[in-house]
Amino acid sequence: MQLYNTLSAKEREKLIEEAGQDRLTISFYKYAHIGNPQILRNHLFLTWDEMDVLGRIYVAFEGVNAQLSVPAENFNAFKSHLDSISFLENVRLNIAIEQDNKSFLKLKVKVRDKIVADGLNDNTFDVTNKGIHVGAEQFNELIEDPDTVLVDMRNHYESEIGHFKNAITPDVDTFRDSLDIIEQDLSEHKEDKKLVMYCTGGIRCEKASAYYKHKGFKNVYQLEGGIIEYTRQVRAQNLENKFLGKNFVFDHRRGERISEDVISHCHQCGKPCDTHVNCANEACHLLFIQCAECAAAMDNCCSTECQEIHGLPYEEQKELRKGKGASNKIFKKGRSPVLKYKK
Ligand SMILES: [Zn+2]
Ligand SMILES: [Zn+2]
C-alpha cells in the first residue's frame, strides 16, 4: 500500500502539463470529533491519491483542514467521497477565484495536534459558543455601522496586500499574537461595540469568535467562509465589493486578485506592487514583495548576499548549506532587515 508521495514536485509539474486537463483549487475545513486521526489520514490519502488529488491537508482529533487541487473531471467523485464521510457531508467547499493547475504539486495529508496552529488551550473556554455567522450582504451592512469594529484575523504579510476598507490589521506574525493585541485594544468596548471579524476562509474566526465571547465581548460576528466565500457571493449577487487588493493564499498562487487596487509596495524600491515571491536563494527562501524590475536586477533574491550565493554553482551552494539544517523548509514570514521598504 502506497501511503506517501512517490513523485517529486518537478515530475508532478511535468505530468500536469502533459495531462493538459483543468484542475480546481478548493479548500474546506470542519471541526468535529475524530476518534482516530491516523486511520482517517490513511483513508483520505489512499482515496484521494487514486483521484489524483493534490494539496495540503491537516487531520487532528478536532477535525480536518484541507487545501486541495482536484482534476475537474474527478470533482463529482471527490464530492461523493466527501459526502460518504458523515461529518463531511455537505461541507462548504471554498472554490478558488483564480484557478491555477499547479496550485499544489504534492498530496500531503498530515496528522497534527490541531487543524490550525492557534496556540490556544481549548479546555479553558467553550469552543462551540461561536460568533454570529454573516454572509456578504449582511457583512457589508454591518461594517458601515459606526458601532462596528472590524478586525482582520490574519497575519501582517496577508493583510499587507489586501484587506477590507477600515479594518484593523494587527501587525502580527501569528494568530495567537493577534488575539491578545485585539483584546487589549478593544478592552473598553466589550459591551458597546460590535466586534466583526474575518479571515481567508473562515477557519481562524471559528476559534477567535468563541475566544472573544469567552473574554466578555457581547456582540461578536464572523464572516462566513471568509474572504473567498465573500467574493463568490459578491459576484453571484452583484453586491458592492468592499475588499481592496489581493487575497493572500497558501499555495503556489500566493494571492488572488479581488479588486484592482494595489495597496502595498515593493519591499526593495518602494513602488506600488503586491506580488509576493520567495527569495531564490534556497537557503533563504524569504517571503517578500518584489516588483518585476527589482526581480530582474536582483536575480529574484532578497539581498546582494543572497544574490551572490544564488549565483554560485549548485554543488557549492549545497556545500555552504551543509550542517545548517533544512532552512528552506521554514516559512519565513516576510520580515528582514535587508528589506528597505518593509514597515
Ligand atoms: Zn521594486
Ligand atoms: Zn534571501
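Residues numbered from 1 in each chain as written. Chains lettered and ligands numbered in written order. Predicted model: local features only at pLDDT ≥ 70, side-chain atom pairs only at ≥ 80, totals over all residues. Heavy atoms only, no water.

Put simply, side chains in a regular strand alternate between the two faces of the sheet. Bridging between strand β1 (residues 23-31) and strand β3 (residues 63-71) involves nine bridges; their strand directions are antiparallel. Bridge assignment links Arg23 to a residue of β3, and that residue is Pro71. (Pairing = 2+ DSSP bridges. Helix = DSSP H or I, 4+ residues; strand = E, 2+ residues; numbered from the N terminus.)

A separate point is the packing of aromatic side chains. Overall, the coordinates contain 14 aromatic pairs when judged by the stated rule. Both rings, one in Trp48 and one in Phe78, keep their centres 5.4 Å apart while their planes meet at 50°; by these two values the pair is tilted. With Trp48 in helix α2 (residues 37-50) and Phe78 in helix α3 (residues 75-83), this residue pair connects regions lying 30 residues apart in the sequence. Assessed through its relative accessible area of 0%, Phe78 is described here as buried. Judged by centre distance (5.1 Å) and plane angle (70°), the rings of Phe248 and Phe250 are edge-to-face. Taking relative accessible area as the criterion, Phe248 reaches 0% and is therefore assigned buried. Assessed through its relative accessible area of 24%, Phe250 is described here as partly exposed. Grouping aromatic residues by their ring pairs yields a cluster made of Phe139, Phe164, Tyr198, Tyr230 and Phe243. (Phe/Tyr/Trp six-rings, centres within 6.5 Å; stacked < 30°, edge-to-face > 60°. Buried < 20%, exposed > 50% of the residue type's maximum accessible area, 1.4 Å probe, protein only.)

Coordination of the zinc ion (ligand 1) by the protein comes from Cys266 (SG), Cys269 (SG), Cys291 (SG) and Cys294 (SG), over a distance range of 2.3 Å. In this structure, the zinc ion (ligand 1) is coordinated by four donor atoms arranged in tetrahedral fashion, with angles at the metal of 102 to 115°. We note that the donor set of the zinc ion (ligand 1) lies within a single chain, spaced as C-x2-C-x21-C-x2-C. (Donors = N, O, S within 2.8 Å, 3.2 Å for Na, K, Ca; no water. Tetrahedral: all angles 85-135°; square planar, octahedral: opposite > 155°, others 65-115°.)

A separate point is the pairing of strand β2 (residues 54-60). Across the seven residues of β2, six count as buried, placing the element largely inside the fold. Sheet topology note: the β2/β3 ladder contains seven bridges and is antiparallel. Paired with Ala60 across the bridge in β3 is Gly63. Once β2 ends, the chain turns through two residues before running back antiparallel as β3. Sheet topology note: the β2/strand β5 (residues 107-111) ladder contains five bridges and is parallel. Across the sheet, the residue bridging to Arg56 is Lys108, located in β5.

Now for the UniProt feature "domain: Rhodanese" (unreviewed entry) in the protein chain. UniProt records the feature "domain: Rhodanese" (unreviewed entry) at residues 144-239, using the numbering of this structure. Between the C-alpha atoms that bound residues 144-239 the distance is 14 Å, and the span itself is 41% helix and 19% strand. (UniProt positions renumbered as here; feature names shortened; annotations may be inferred.)

Attention shifts here to the side chain of Asn94. Here Asn94 lies in strand β4 (residues 94-95). Given a relative accessible area of 4%, Asn94 falls into the buried group. A polar contact of 3.5 Å, which involves the side chain of Asn94, links it to the side chain of Arg92. (Polar contact = N/O pair within 3.5 Å; in protein donor to acceptor, adjacent residues only side chain to side chain.)

Next up on the list: the packing of α2 against α3. As a packed pair, α2 and α3 sit with axes 11 Å apart at the nearest point and diverge in direction by 160°. As far as their axial angle goes, α3 and α2 are roughly antiparallel. Read as a crossing pair, α2 and α3 show a hand that is right-handed. Contact residues: α2 offers His43, Leu44, Thr47 and Trp48, while α3 offers Phe78, His81 and Leu82. Tallied by class, the residues present in the contact of α2 with α3 amount to four nonpolar, three polar and no charged. (Axes fitted to C-alpha atoms, helices over the stretch in contact; angles between N-to-C directions. Parallel < 35°, antiparallel > 145°, perpendicular 65-115°, else oblique. Left-handed = near helix turned anticlockwise from the far one by under 90°. Contact = heavy atoms within 4.5 Å. Nonpolar A, V, L, I, M, F, W, Y, C, P; charged D, E, K, R; others polar.)

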